[in-house]
Every structure is written in structure tokens, then in C-alpha cells.
Amino acid sequence: MKNKIQYSALFFAALFFLNSCNSKKEEPVVAEIEPKTETFLLEKEKLSTELRLPAELTGFQQVDLYAKVSSFVKLLKVDIGTKVKKGQLLIVLEAPEISSQLAAAESRLKSMEAIYTTSKSTYNRLYETSKVEGTISKNDLEMASGKKNSDYAQYQAAIAAHKEVSIMRGYLEIRAPFDGVVAARNVNLGTFVGPAGKGSDLPLLTIQQQDKLRLAVSIPELYTGYLHEGDEMSFNVKSLPETFKAKITRMSGALDLKLRSERVEMDVVNTKKDLLPGMVAEVLLPLNAKDSTFVVPKSAVVNSAEGLFVIRVVNHKANRVDIKKGREIDDKIEIFGDLNLKDKLVKIASEETKEGDIINE
């Protein structure tokens, strides 16, 4: 019985060994296949984008009025918010010394006028008499002519001095230089004002033209080539829900040295007075390209320590082409470089791809 059990155990062990040997099969060898690189043909497009920039509204005309002569405020005819017309009297100033100077200038003018009239009359009489030979010596006639000319010069000097004082007196009346609104007032009756010292710290009044405003915006250097005079754009302000329209009226044509941007201005008609000078606006600038340019997916541009480049495929080999970036829209980017229409570029480029590497398409 014992021998039968041992024989059975050996039989099953041998059978298991044979089955195991038969089940082992040679595994097939799979060759590694290099993945294909996705490429595309370079095309030109006209990009149209929008740029949002902060801007400022100011009065179309704005002026700070100061006193030309040292004086005191005698009469104040306007206040903040007063609408004024060009030439309207706003403030009357008082300077007693100017009145005294004007009186003295008037007296001297009348005196010199009388002296000149007398010397001129004397010369004319002598001249008429000298026509009769031997009555008036030539020397006397020349002296009379010289005195007449001297008195005339002094008379003209008196006229100029009187005019100067009269002009200074005119500065005592402050008038509006254009139609507008008084936006600020910094004086009261009796306030001392003048061209220097404490009286010149602040302007007497600030006048703004508010029925027409300027909208000024600084355009970054990258986008200056896309805007032109007459282009229409929209803007809005935080305090009002509506959107306003305006056209580019003036462009500075130069970049600000600090901001490296170009100042662009638009005229805004504000007859309803909804918009106020000093408001900050958000301007939506349309950037429309003049000509078609090369546009590629952003993934095709490599930004590495060596610079910006795309990978062009030439005869199944990689060729790096240096480029410059333009505008970016969503997943597209405008590029400039030594490229041609229908060039084959790698869609998902990597800086690990070196010049001359084989590209499997």
C-alpha cells in the first residue's frame, strides 16, 4: 500500500513538470516605434483684437487764472459751478498804487503833448519865415527842428508809459478766456493776491470747458502701429451703465520717455453733462492689422535661453528659425521672421529638438 502511494506521487510530479514545460512559449520581440511629429503648413491671417486700457477725461479747455499784479480782491462775481461766457468779468482787484501811477502817467502825457505842440508850431513858423531870404538864419532853423524832434521823442515815451500803466490797470479785471464753467475758487473778498509770494500759491479760479471733453489714453509701444486718426472706439465709466463712442482726433506721434507709450486723444461731445472732467474711463481699442501676417499656434513657438524660435521641417530635418512675437489672441500668436508661406512647422515644438534632428512626420 505504501509503495502505491509513493508511485502515484512520483507520477503526478512528472506529469506537472511536463505540462509546465509545454506551457512555456517564446515571447515575441516588439520593435520600438518612434512617434510621429505633428506638423502644419504656415498660413497668413488678419488678426483683429481688442485692447482695454485706462484713460482720463479732461475739459477740452482748462485754465488756471492768477493775478498779474499784487493786489486785493475787491469784487467776486462768480462761484463754483457758475457758467461763464468769453470776456465775462469774473473778479475785480484793487491796487491803489496803480491808480496813482496811472494819474501821474496821464499828467506827464498831457504835459509832453503840450510841449511838443508848441515846439512843432515854433518850427513851422520859422520854416515858413525862412522862405524869405535873409530873415531866419540856418542855425536857428536847425535848432528849432532839433527841439521839435526831441520833444516828439519824449511825447512818444510818455504815450508808451501811459499805455503800460493802463495795461497794468487792466490786469485788475479778471475775465473769462472762453465759454466754460468755474470748476474751482480759491479766494474770498479781501484776499491778497499777486504774481509771487503767498498770494500766488493757488489760482484765483479754474475755468473748464465741459460741453466738450478730451479723452486721453497712453498706447503701449507694441500697439501704436495699429491705430490711426479717425478710428472709432468705445469707452465706459464706472458711474454710468451706458457705453460711449469716440474717434481718434489727435496722436502725439512720439513715445513718452517714461512710459514708452504714445498719447492719443479723442474729442467727446458732452452736451448732456453726463461725463465729468477727471473721470477715469476704460477704453476698448480695436487693433486691426493693415496686412495679413503669419499666425501660428502658441505651442509652435519655443521661448528658451537661446531666444524665440519655431522649428521648420526641411527634408525631414529640423531647422530652427528665429522669430519676433506680435499680438496674441487666445491660443494663436503673430510671428515675424525669415519664413515663407506654406513652410512646414512643428505644431508642438520643444527646445530639446536640435538643429538637424530627424523629424518623423
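As a reminder, the structure under discussion sits directly above these lines.
Below: a short report on this structure. Keep in mind that what you see is a predicted model, and the values were worked out from it rather than measured.

Rules used in this analysis
- Residues numbered from 1 in each chain as written.
- Predicted model: local features only at pLDDT ≥ 70, side-chain atom pairs only at ≥ 80, totals over all residues.
- Heavy atoms only, no water.
- Helix = DSSP H or I, 4+ residues; strand = E, 2+ residues; numbered from the N terminus.
- Rg over C-alpha atoms; globule rule 2.2 N^0.38 Å.
- Contact = heavy atoms within 4.5 Å.
- Areas by Shrake-Rupley, 256 points an atom, 1.4 Å probe, with all protein chains shown as cover.
- Lys, Arg positive; Asp, Glu negative; His and termini not counted.
- Charge placed at Lys NZ, Arg CZ, Asp CG, Glu CD.
- Expected span 1.5 Å × (residues − 1).
- Buried < 20%, exposed > 50% of the residue type's maximum accessible area, 1.4 Å probe, protein only.
- Salt bridge = Lys/Arg side-chain N within 4 Å of Asp/Glu carboxyl O.

1. Re the overall build of the protein chain
Broken down by element type, the protein chain carries three helices and 22 strands. On C-alpha atoms alone, the protein chain measures out to a radius of gyration of 46 Å, which is more than a quarter above the 21 Å that the 2.2 N^0.38 rule sets for 361 residues. Dimensions of the protein chain, computed from C-alpha atoms along their principal axes, come out at roughly 185 × 55 × 35 Å. Summarising the internal contacts of the protein chain: among those between residues at least 6 apart in sequence, 75% fall at separations of at least 24. Accessible surface, the protein chain: about 23400 Å² in total, of which carbon and sulfur atoms supply 53%. In the protein chain, which carries 51 positive and 50 negative side-chain charges, the distance between the mean positions of the two groups comes to 4 Å.

2. With respect to helix H2 (residues 96-129)
A rise of 1.5 Å per residue sets the reference length of H2, with its 34 residues, at 50 Å; its end C-alpha atoms lie 50 Å apart and thus fit the reference within 8%. Turning to H2, its buried residues are Ile98, Leu102, Ala105, Leu109, Met112, Tyr116, Ser119 and Tyr123. Where H2 is buried, its residues meet helix H3 (138-170).

3. Notes on the pattern of salt bridges
The final tally for this structure, using the stated rule, is 16 salt bridges. Note that Glu45 is salt-bridged to Lys332, the shortest N-O span being 3.5 Å. With Glu45 in strand S2 (residues 43-45) and Lys332 in strand S21 (residues 332-337), this residue pair connects regions lying 287 residues apart in the sequence. With relative accessibility at 30%, the residue Glu45 sits in the partly exposed group. A salt bridge links Glu328 to Lys298; the nearest nitrogen and oxygen atoms lie 3.3 Å apart. Residue Glu328 is found in strand S20 (residues 317-329), and its partner Lys298 is found in the loop between strand S17 (293-297) and strand S18 (302-304); the two are separated by 30 residues along the sequence. Overlapping salt bridges bring together Lys212, Arg214, Arg250, Arg263, Glu265 and Asp267 as one network.

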